[in-house]
Amino acid sequence: MTTAAARASEQRQDEAASSRLGTETTTDETALQTVRRGLALAPEALRGVWITLLLAVIATAGKVVVPIAVQSILDEGIIAPEIPDVGYVAGAAGLAALVLLTTAVSNILMNRRLFRMAETALATLRKRAFRHIHDLSLLTQGTEQRGALVSRVTSDVDTISQFMSFGGIMLVVMSMQLVLATAVMVFYSWPLALVVWICYVPILLIMASLQRRIRARFQTVRAEVGRMLGTVSEALVGSATVRAYGIAGRTRSQQFDRIRSVRDAQFSVLKPQSASFFLSETADGLATAVVIVVGILLGTGALGLDLPGGDLTAGGVIAFVFLVSLFSQPVRMGIEMLSEAQNAIAGWRRVLGVLDTPADVSDPAGGLDPHTGNRLDPAPGVTPLPEGLLDIEVTDLRYSYPTGPEVLHGLTVSLPARSRVAIVGETGSGKTTFAKLLTRMMDPASGQILIGGVPLHLIPYSSLRARVVMVPQEGFLFDTSVAGNLLYGKPDATIDQMQRALDELGLGDWIADLPSGLDTPVGQRGESLSAGERQLVALARAYLVDPDVIVLDEATSAVDPAADVRLQQAIDGLARGRTTITIAHRLSTAERADQIMVLDDGDLVEHGTHAELVDLEDGIYAGLHRSWIAHRETR
């Protein structure tokens, strides 16, 4: 495949992935419907809005004082009297200054309220989106790049913030200013007010069409920004692989392609935006010129028209010029605010796309509705795990990924309490899928899992996560200390409890050799530690939980042989008195298990003890074991 073809293929895959996470559910909405839904998700944005609007009305009304004061001072204070009335001029100017001061104070208070309301509301929106993302299954989360997913609760919400903290209320203020300016113009001269509107109406109609284009192009911008962040995040996380394979050039090229795509998308918005600004400036200049010419003609009677409101004084004509500026300002700013609104609507749609994606693996105890914030009712029959030992019953378990064939074909098996079970099989046989289903990281397509006699989908998360723990193949650590990572297993654990757990796992000497012991920082994703050390911390974290059922997904695969011996001893201690399911990367683990499950292409083909299975002449496990023995002897 050529480089260009490879890039095109990657782009199609990225676009397909990013489109799965619910964005298609919002693109058919009107802008107003999107805004209504968005505001419903962040009710703090409308709390006390009437006070904000009152301040906006005061701030807007004060702006008309300038043209009124100019007209009054010219006509009544300067032109009408034989000698300019200085007292009248001073009084009118002072009153105007007082009104403008009140306007400025109202404007400051309005902006403060807007900022507080917007940020409070958007914090709520971020929390709901973040919480809902965690309610989605691992499979659903995997349909979009991590960086692109993060962008939905960061940069996309930021676009909404920029609009809500200024643009939203400014659209209201500018609309009021437009109406107020029109009313004052009609008061002075309705014919001249009509002339101003005639200058603007055709341009406003054209700009409505341009705004539809801007909205569609901002939707593309938000999607491209998400893809760019996804590519950058992926390259940073995989930096070691990038260096190992010497593909820094190709990776940079992919990033530059994404950056250029964002730039081009932004440029595509610039064209209709520039056209809108050009039209508004044209209308402003045209209206000002026409007002001066027609106003003078009306004032001097040169047109020969005897119209009510057709007479204009010199002060009225000058006031009208100020009013045209007051009229054109909301048009110009409105265009800018509408562009921000289209960007915000595009961001809102992406956030709503996340919230519209159903939580396919939800807590039966009931959580929070991402759209209303109300607590959902518990599912009928929800039951915590019973006290005591827990056995596992699996009946006709089936699973298939959305875009692929069935990967588990009717598994039925009983795993008694306190038993140690090893799952073996070739890569792709369904071992990890089975482990994720057992711990409810995903839900099966059909069939049932009972833990302690309770259907898995009816066990509250609080009960399930406290009693059933999975240690994945990669020991993921958070960017904190060793102790901080252990506390993710048991938040209320003391230092003594953590140290005792490490000692019981045989890791006391290891933790003592670290630079700062339990306070040693592990770095982002635990990269300050080796792969084996990360797995040691992950196992200690699971041990600290003290679960009744533990699932180990090749948890010792990244550990060196010396550490493996120590960990196997610790795992033996951890397994004592508990139900333990281990995906066996090394058959030495299977040899010590009470029973072994052999998966082959999604089927449970063999099930028994090591002694039973190793004696099957044509058995899969026997073949794997013979190969392992032969390999071990040749080392």
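Residues numbered from 1 in each chain as written. Predicted model: local features only at pLDDT ≥ 70, side-chain atom pairs only at ≥ 80, totals over all residues. Heavy atoms only, no water.

### Focus: the overall build of the protein chain
Keep this limit in mind: The secondary structure listing takes helices from DSSP runs of H or I that are at least 4 residues long and strands from runs of E that are at least 2 residues long, numbered from the N terminus. Exposure is judged per residue with a 1.4 Å probe applied to protein chains only, and the accessible area is read against the type maximum: over 50% gives exposed, under 20% gives buried, and values in between give partly exposed. Contact between two residues is taken to exist if any of their heavy atoms lie within 4.5 Å; hydrogens are not considered. Only the protein chains shown count as cover for residues, with accessible areas throughout obtained via the Shrake-Rupley method and a probe of 1.4 Å.
Of regular secondary structure, the protein chain possesses 22 helices and 10 strands. Considering the protein chain as a whole, with its 635 residues, one finds that 46% of them fall into the buried category. A separation threshold of at least 6 residues defines the contact pool for the protein chain, and within that pool the share at least 24 residues apart is 78%. Carbon and sulfur atoms provide 59% of the accessible area of the protein chain, an area that totals close to 30500 Å².

### Quick notes on the sheet that holds strand E5 (residues 454–455)
As a reminder of what qualifies: When DSSP finds at least two bridges between two strands, those strands are taken to pair. Fitting a line to C-alpha atoms yields each axis, with helices limited to the stretch in contact; the angle taken between N-to-C directions then spans 0 to 180 degrees.
The four strands are arranged E2-E1-E4-E5 in an open sheet whose pairing can be described as antiparallel. The strands lining the two open edges of the sheet, one partner per strand, are strand E2 (406–415) and E5. Docked against the sheet, helix H13 (residues 431–438) engages strand E1 (392–400), E2 and strand E4 (446–451), running at close to 120 degrees with respect to E1.

### Comments concerning H13
With six of eight residues buried, H13 lies mostly within the body of the structure. Buried within H13 are the following residues: Lys 431, Thr 433, Phe 434, Ala 435, Leu 437 and Leu 438. Backbone geometry just after H13 places Arg 440 at a positive phi near 55 degrees.

### Concerning the packing of helix H16 (residues 495–504) against helix H18 (residues 531–545)
Each pair of packed helices can be described by the angle between their axes along with the distance between the axes. Spelled out, the test is: When an angle is under 35 degrees it counts as roughly parallel; over 145 it counts as roughly antiparallel; between 65 and 115 it counts as roughly perpendicular; any other value is oblique. The handedness criterion is simple: a crossing whose near helix is rotated anticlockwise from the far helix by less than a right angle is left-handed, and one whose near helix is rotated clockwise is right-handed. Polar here means any residue outside two lists: the nonpolar Ala, Val, Leu, Ile, Met, Phe, Trp, Tyr, Cys and Pro, and the charged Asp, Glu, Lys and Arg; Gly therefore counts as polar.
Packing of H16 against H18 leaves a shortest axis separation of 10 Å and a crossing angle of 115 degrees. Judged on the interaxial angle alone, H18 and H16 are roughly perpendicular. The crossing of H16 and H18 is right-handed. Judged by residue contacts, Gln 497, Met 498, Ala 501, Leu 502 and Glu 504 of H16 engage Ala 540, Tyr 543 and Leu 544 from H18. Across the contact of H16 with H18, the residue classes break down as six nonpolar, one polar and one charged.

### Quick notes on the sheet that holds strand E8 (residues 579–583)
In spatial order, the strands read E6-E7-E8-E3-E9-E10; together these six strands make up an open sheet with mixed pairing. Edge positions in the sheet fall to strand E6 (468–471) and strand E10 (603–608), since each of these pairs with one other strand and no more. Sheet twist, expressed as the average angle between the axes of neighbouring strands with direction ignored, equals 15 degrees. Its contacts with the sheet place H13 against strand E3 (420–424), E6, strand E7 (549–553), E8 and strand E9 (595–600), and it is angled at close to 150 degrees to E8.

### What to know about a nonpolar patch on the surface
Note the cut-off: Patches in this entry comprise residues that are over 30% relatively accessible and not in a salt bridge; like charges within 9 Å are linked, as are nonpolar side chains (Val, Leu, Ile, Met, Phe, Trp, Tyr) within 5 Å. The salt bridge criterion pairs a side-chain nitrogen of Lys or Arg with a carboxyl oxygen of Asp or Glu, the two atoms within 4 Å.
A contiguous nonpolar patch, built from Leu 95, Leu 98, Leu 101, Val 105 and Leu 109 and spanning about 470 Å² of accessible area, is present on the exposed surface. When you line up the elements, Leu 98 lands in helix H5 (residues 86–135).

### Topic: H18
Selection rule: Every helix has an expected span of 1.5 Å times one less than the residues it contains.
The first and last C-alpha atoms of H18 sit 22 Å apart over 15 residues, in line with the 21 Å expected at 1.5 Å per residue. With 12 of 15 residues buried, H18 lies mostly within the body of the structure. Among the residues of H18, those classed as buried are Gly 532, Arg 534, Gln 535, Leu 536, Val 537, Ala 538, Leu 539, Ala 540, Arg 541, Ala 542, Tyr 543 and Leu 544. In the segment just after H18, Asp 546 is the residue with positive phi, at about 60 degrees.

### Quick word on the environment of Ala 287
Along the chain, the position of Ala 287 falls in helix H11 (residues 248–300). Through-space distance from the C-alpha of Ala 287 to that of Phe 327 is 9.9 Å; in sequence the pair is 40 residues apart.

### Things to note about unusual backbone geometry
What you tend to see is this: most non-glycine residues have negative phi, and most peptide bonds are trans. In the Ramachandran plot, Asp 396 falls in the positive-phi region, its phi being about 45 degrees despite a non-glycine side chain. Its location among the elements puts Asp 396 in strand E1. Overall, Asp 396 belongs to the partly exposed group, its relative accessible area being 34%. The phi torsion at Arg 440 lies on the positive side, around 55 degrees, for a residue other than glycine. Among the secondary structure elements, Arg 440 is positioned in the loop between H13 and E4.

### What about the packing of aromatic side chains?
Definition in use: Only the six-membered ring of Trp is used, alongside the rings of Phe and Tyr, when aromatic pairs are assigned; centres must lie within 6.5 Å, and planes under 30 degrees apart are stacked while those over 60 apart are edge-to-face, with the rest tilted. Two thresholds decide whether a charge sits over a ring: the Lys NZ or Arg CZ must be within 6 Å of the ring centre and within 35 degrees of the ring normal.
According to the stated counting rule, one finds one aromatic pair in the structure shown. One residue, Arg 465, lies across the ring of Tyr 461, its end atom 5.1 Å from the ring centre.

### A short note on the pattern of salt bridges
Taken as a whole and judged by the stated rule, the model has seven salt bridges. One salt bridge in this structure joins Asp 257 and Arg 260, with 2.4 Å as the shortest N-O distance. Here Arg 260 and Asp 257 lie together in helix H11, a separation of three residues that amounts to about one turn. With a relative accessible area of 37%, Arg 260 lands in the partly exposed category. Here Arg 578 ties to Asp 546 by a salt bridge, and the two come within 2.0 Å at their closest N and O atoms. Taken as a pair, Arg 578 in the loop between helix H19 (561–575) and E8 and Asp 546 in the loop between H18 and E7 lie far apart in primary sequence, 32 residues in all. You can call Arg 578 buried: its relative accessible area is 12%. Judged by relative accessible area, Asp 546 falls into the partly exposed class, the value being 48%. Each of the salt bridges in this network shares a partner with another, and the network as a whole consists of Asp 396, Arg 398 and Glu 406.

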